[in-house]
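Coordinates in review
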Amino acid sequence: MKRLNKILCMVGTMSLLVSGLAYAETEATYPDCVAYDYETGEETIIPAEEFMNVTNARTNDTGEQISPAYDISPDSRTIIGPDNRVKVDPNQEPYCKILCLNLGRDTNGDGVSDSWALGTGFMVYKDIMLTAGHCMYNSTGYVKEMRIYVKQSGQSLGSKYYYPASWVMSQAYINNPNDANYDWCVVKLQNELGPQTGWFGYGVANSQKNVTVSGYPDNTAHHYNQYAASGTMTVSNDLRVAHNCDTEGGESGAPIYDADHIAWGIHTHGGNAGIRINSYLFNLIESKK
């Protein structure tokens, strides 16, 4: 099993632009991280220092920090209407990069998963997936079993699935699972799924974006299919984004991405809101490549 390397975190503040207007500087702190080994259950506390030097980021025409996407079939992109959530084909770009998660939890302490729910994740490298922190941890503790499905569609979950190796979360979220500011998770997979799925690029937004959110609703009416809706995203502060794309429960962990398949955030809550991929999270992902 691949083990997660030691992660170092940083402390910082940032002031950015939203639609050309500066928002107030946010005293965003970045607590220590927790690395969790899926097989052994071992936790490692990672001190918050030094990792902003990892990046080899490119910049786009507006000077935004980005890491480009990897598409497996660049000519098969689909344009989605801005006002309707639609069922999409997970065999096509960019939906093939989005993963269906079946999350099992042990709610009575007997060591067996007795409660299951759907979640969403998305690839950002060969063996790295992003998702919402609450998909991996809640008041009952860490998820007991996590089954990852590639190109999932149909009336039932497929027979083939994959597992994580380990993941990194914020210590702040472990201390308080209600803290939406740190509701993210960087997952290292046991298998390199990226060559068959492709992966999203990711970037640090400094302006409003036209975006899409695609994920797997935990709704029996939709069975186990992927749905997408488009709209706009704005940067709320250094830690959060807001968007107006239609979503349902189960789509937590879905990418908030643009036409170039660059993810600018992670959808986490109805409303609609999510985690901003800021420079801290950007460099955390880069350090895992």
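Residues numbered from 1 in each chain as written. Predicted model: local features only at pLDDT ≥ 70, side-chain atom pairs only at ≥ 80, totals over all residues. Heavy atoms only, no water.

Focus: the overall build of the protein
Here is the rule we go by: Think of it this way: any DSSP run of H or I at least four residues long counts as a helix, any run of E at least two long counts as a strand, and we number them from the N terminus. With a 1.4 Å probe rolled over the protein chains alone, any residue whose accessible area is under 20% of its type maximum counts as buried; one over 50% counts as exposed, and the rest are partly exposed. What makes two residues a contact is simply this: any of their non-hydrogen atoms within 4.5 Å. Method for areas: the Shrake-Rupley scheme with a 1.4 Å probe, in which residue coverage is limited to the protein chains shown.
A tally of helices and strands in the protein yields four helices and 22 strands. Burial statistics for the protein: of 289 residues in total, 55% are counted as buried. Here the analysis covers contacts within the protein between residues at least 6 apart in sequence; of these, 71% occur between residues at least 24 apart. Carbon and sulfur atoms make up 44% of the accessible area of the protein, which totals about 11800 Å².

Brief notes about the environment of Ser73
As for its position among the elements, Ser73 is in the loop between strand S6 (65-67) and strand S7 (86-87). In sequence terms Ser73 and Pro94 are 21 residues apart; their C-alpha atoms lie 8.9 Å from each other.

Some remarks on empty space enclosed by the protein
Counted only if it meets this: In this analysis, the protein atoms alone were mapped onto a 1 Å grid. Cavities are point sets where a 1.4 Å probe fits without being able to get out; pockets are open sets with protein on both sides within 12 Å along at least five of seven lines; lining residues have an atom within 4 Å of a point. Grid points are joined across faces, edges and corners, and a volume is the space filled by probe spheres set on the points. In the scheme used here, Gly and all other residues not listed as nonpolar or charged are polar, with Ala, Val, Leu, Ile, Met, Phe, Trp, Tyr, Cys and Pro taken as nonpolar and Asp, Glu, Lys and Arg as charged.
This structure, assessed with the given rule, holds one cavity of 30 Å³ or more. What the largest cavity holds in volume is close to 40 Å³. Considering the residues around the largest cavity, the lining is formed by Tyr30, Asn181, Trp184, Leu239, Ile275, Arg276, Asn278, Tyr280 and Leu281. Contributions of two or more residues to the lining of the largest cavity are made by strand S22 (273-276) and helix H4 (279-287). Its residues assigned to classes, the lining of the largest cavity shows six nonpolar, two polar and one charged.

Structural notes on the confidence of the model for the protein
Convention followed: Each residue carries a pLDDT value, the predictor's own confidence for that position, ranging from 0 to 100.
Per-residue confidence for the protein averages 84 on the pLDDT scale, and 83% of its residues sit at or above 70. The model gives residues 75-83 a pLDDT under 50, and that stretch makes 17 contacts with residues more than four places away or in other chains.

Some remarks on the packing of aromatic side chains
Put simply, the rule reads: Geometry of aromatic contacts follows a simple scheme: Phe, Tyr and Trp rings, the Trp one being its six-membered ring, pair when their centres are within 6.5 Å, and the pair is stacked under 30 degrees between planes, edge-to-face over 60, tilted otherwise. By the criterion adopted, a ring carries a charge over it if an Arg CZ or a Lys NZ lies within 6 Å of its centre and within 35 degrees of its normal.
Applying the stated criterion across every chain yields a total of 14 aromatic pairs. Aromatic pair Tyr38 and Trp167: ring centres 5.9 Å apart, planes at 50°, arrangement tilted. In this pair, Tyr38 sits in the loop between strand S3 (33-37) and strand S4 (43-46) while Trp167 sits in strand S14 (residues 164-170), placing the two residues 129 residues apart along the sequence. A residue is classified by how much of its surface remains accessible, and Tyr38, at 15% relative accessible area, is buried. A connected cluster of aromatic rings, assembled from ring pairs, spans Tyr36, Tyr38, Tyr137, Tyr142, Tyr149, Tyr161, Tyr163 and Trp167. We note Lys209 situated over the ring of Trp264; from NZ or CZ to the ring centre the distance is 4.3 Å.

Description of the nonpolar core
Put simply, the test is: Only buried residues count toward a nonpolar core. Its members are Ala, Val, Leu, Ile, Met, Phe, Trp, Tyr and Cys residues joined through side-chain atoms within 4.5 Å.
With 62 residues, the main nonpolar core has Met136, Met146, Trp167, Met169, Trp184 and Leu281 as its most contacted residues. Aside from chain neighbours lying at most four places away, what touches Met146 is Tyr38, Leu101, Asn102, Leu103, Met129, Met136, Tyr162, Tyr163 and Pro164. Counting residues in hydrophobic clusters, the runner-up holds 13 residues, among them Ile66, Val213, Met233 and Val241.

Side note on the pattern of salt bridges
So the rule is basically this: A carboxyl oxygen of Asp or Glu within 4 Å of a side-chain nitrogen of Lys or Arg is what we treat as a salt bridge.
Taken as a whole, this structure holds seven salt bridges when the rule is applied. Among the salt bridges present, the one from Lys209 reaches Glu64, with a minimum N-O distance of 2.6 Å. With Lys209 in strand S17 (residues 209-215) and Glu64 in the loop between strand S5 (58-59) and S6, this pair connects stretches of sequence that are 145 residues apart. Taken individually, Lys209 and Glu64 each receive the classification buried, so the pair is uniform in this respect. Where salt bridges share partners, they join Asp71, Glu93 and Lys97 into one cluster.

Here's the deal with unusual backbone geometry
The step from Glu93 to Pro94 runs through a cis peptide bond, and the omega angle for that step is -5°. Along the chain, Pro94 falls in the loop between S7 and strand S8 (98-105). Here Lys151, not a glycine, exhibits a phi torsion of approximately 55°, which is positive. Relative to the assigned elements, Lys151 resides in the loop between strand S13 (145-149) and S14.

Brief notes about the environment of Leu99
In this fold, Leu99 is placed in strand S8. Once the C-alpha coordinates of Leu99 and Gly253 are considered, the two residues, 154 residues apart in sequence, prove to be 9.5 Å apart. The residues contacting Leu99, other than those within four sequence positions of it, are Gly119, Thr120, Gly121, Met123, Met129, Ile148, Tyr149, Val150, Thr197 and Tyr216.

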